[in-house]
Amino acid sequence: MVCTAYTLENLKKDSSKFIEYCKQCGFCTPACPVLKVSDYVETYGPRGRLLQIRGLVFNELRPGKGLSSRIYCTLCGFCEVKCIASLKLTDLYIASREYLTSSGLTPEEIKSVIDGIVGNNNPYNVDPSIKAMWLDYLPEKPPTKGRVVYWAGCTSSIRSPETSANAYQLIKELSGSDVAVLDSEPCCGWPLYLVGDVDGYKVQVSRALKALEGCGAGVVITTCPACTRSLRDKARELGITSNVKVYHIVEWLYELMKEGKLPKLQLEETITYHDPCELGRHMKIFKEPREIIKNIQGLKLVEMRGNQLESNCCGGGGLYQVVHMDRALKIASLRLKDIPQGVKVLVSACPSCKMTLETAVRNEGLDVEVLDIVDLLMRAKKV
Ligand code: SF4
Ligand code: SF4
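Looking at ligand 1, the residues that line it are Cys32, Pro33, Val34, Pro46, Arg49, Cys73, Thr74, Leu75, Cys76, Gly77, Cys79 and Tyr93. Under a 2 Å grid-point criterion requiring more than half of the atoms, the pocket assigned to ligand 1 is the second largest cavity. Within the residue set of the shell around ligand 1, elements represented by two or more residues are helix 3 (33–36) and helix 4 (46–57). Along the lines of polarity and charge, the residues of the shell around ligand 1 split into nine nonpolar, two polar and one charged.

Take the side chain of Lys354 next. Among the secondary structure elements, Lys354 is positioned in helix 19 (residues 351–364). Overall, Lys354 belongs to the buried group, its relative accessible area being 10%. If near-sequence neighbours (up to four positions away) are discounted, Lys354 is found in contact with Ser160, Thr163, Val370, Leu371, Asp372 and Asp375.

Attention now goes to helix 14 (residues 225–237). In the structure, helix 14 departs most strongly from a straight axis at Leu231, where the bend amounts to approximately 30°. Within helix 14, 10 of the 13 residues are buried, leaving the element largely enclosed by the surrounding structure. Looking at helix 14, one finds that the buried residues are Pro225, Ala226, Cys227, Thr228, Arg229, Ser230, Leu231, Arg232, Lys234 and Ala235. Of the residues trailing helix 14, Gly239 is marked for its positive phi of about 85°.

We note that the domain assignment places domain 1 (8–106), domain 2 (110–254) and domain 3 (263–382) within the protein. Relative placement of domain 1 and domain 2: their C-alpha centres are 30 Å apart. The interface of domain 1 with domain 2 comprises seven residues on the first partner and eight residues on the second. Where domain 1 touches domain 2, the interface holds zero salt bridges. Taken together, domain 1 and domain 2 are joined by two residue pairs in polar contact (both at pLDDT 80 or more).

Counted under the stated rule, the structure contains four cavities of 30 Å³ or more. Approximately 100 Å³ is the volume attributed to the largest cavity. The wall of the largest cavity is formed by 16 residues, among which Cys22, Lys23, Cys25, Cys28 and Cys83 lie closest to the centre. If one sorts the elements of the lining of the largest cavity by residue count, helix 4 sits on top with three residues. Grouping the constituent residues of the lining of the largest cavity by class yields 11 nonpolar, two polar and three charged. Each pocket or cavity is described by its volume, and for the second largest cavity that value is around 80 Å³. A class-by-class count of the residues in the lining of the second largest cavity yields 10 nonpolar, two polar and one charged.

Turning next to the packing of aromatic side chains. Considering all chains together, one arrives at four aromatic pairs under this definition. Here the aromatic rings of Trp190 and Tyr193 are separated by 4.8 Å at their centres, their planes lie at 20°, and the arrangement is stacked. With Trp190 and Tyr193 both in helix 12 (residues 190–194), this residue pair falls three residues apart, about one helical turn. Pairing Tyr193 with Tyr201 gives two aromatic rings, centres 5.5 Å apart and planes at 65°, and the pair type is edge-to-face. Take Tyr193 and Tyr201: they sit in the same class, and that class is buried. Feature note: the residues Trp190, Tyr193 and Tyr201 constitute an aromatic cluster, connected by ring pairs. The ring of Tyr93 has Arg49 sitting right over it, with the charged end atom 6.0 Å from the ring centre.

The rules we used
Residues numbered from 1 in each chain as written. Chains lettered and ligands numbered in written order. Predicted model: local features only at pLDDT ≥ 70, side-chain atom pairs only at ≥ 80, totals over all residues. Heavy atoms only, no water. Near = heavy atom within 4 Å. 1 Å grid on protein atoms, 1.4 Å probe; cavity = no way out; pocket = protein on both sides within 12 Å on 5 of 7 lines; lining within 4 Å. Sits in = over half its atoms within 2 Å of the grid points. Helix = DSSP H or I, 4+ residues; strand = E, 2+ residues; numbered from the N terminus. Nonpolar A, V, L, I, M, F, W, Y, C, P; charged D, E, K, R; others polar. Buried < 20%, exposed > 50% of the residue type's maximum accessible area, 1.4 Å probe, protein only. Contact = heavy atoms within 4.5 Å. Bend = angle between axes of the 7 residues up to and from the residue. Domains from an automatic or database assignment. Salt bridge = Lys/Arg side-chain N within 4 Å of Asp/Glu carboxyl O. Polar contact = N/O pair within 3.5 Å; in protein donor to acceptor, adjacent residues only side chain to side chain. Points joined across faces, edges and corners; volume = space filled by probe spheres on them. Phe/Tyr/Trp six-rings, centres within 6.5 Å; stacked < 30°, edge-to-face > 60°. Lys NZ or Arg CZ within 6 Å of the ring centre and 35° of its normal.

See the structure below:
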């Protein structure tokens, strides 16, 4: 039997189903990046996580800091791909975080994320003027109203300002129109969803969509897979409707390419591509970035060991790094071992992946450059 409804309510009333559904077969085990950096102690793998969630919800285990933080993982979804019972494991992990939040058991480190969104409209809890600093990389201030809007998102704005500026320039050039940026872009609410505050997420994402509608947006393009999932897929799934059409930039570029509107580009380089978990496994966007890369003449794409559905996580997702930064960076270092021999450029399409992998490259002292796909396109020459 396939369980497709791991909700908080089901968690509370359906104890037998936990064990009944999970066969404890362990097929998911080798996929888990958290387990790999935790000496393969099963407590940190999917099976152990399921048993601890069950123990927590049914008062079989004493709640505490250790248990709460062990329930956090990267939400990469690789265990779900491998699960022979087709369990919706990431839904279950979110439901368990909902349980932690509603029971006052949220890990201490996560509280600054929530405070940041409430107080400063970003999970990094920095002053909004810092979030807007990426605009200084542009030759002129963009309009704050318009039909086409670039949504940078908190991580790209704060951690990857040059990529945000590159994305804006690229969209402006290819759309052939003015591109707006919200006057004070709010958080899309995704971190609230990730901490299990689903009601808080609904309020925040509705606020974000209203702000976009208010500026006249018809098309919104973002470089962040999490923002795409939040503003479009999850909002829709939870019944929040909007007339605004949201695209991750690779989807938008792919549409342009199909219409013959993407210029021919040239770059003599050999690269590899890391599939972000949010973009790939969770949204099934695998073909688009690869086709865009293949459109660049002279560029050779060599696939990583572990790609597309079988891509290994970089450690940067699910707020895992907020609770376990050391292990998240070990996961990122492991991911670097999947780079094909001799390849010096690692491309991704997610600001969190870029940030995590760049840190790991520095830690490992590797001669590898980490680029967003937008940076790669801006580096290529028009032919
Ligand atoms: S979602 Fe990823 S990190 Fe979390 S338990 Fe599954 S494989 Fe491990
Ligand atoms: S593969 Fe699925 S059924 Fe098997 S142990 Fe993992 S979660 Fe349970």
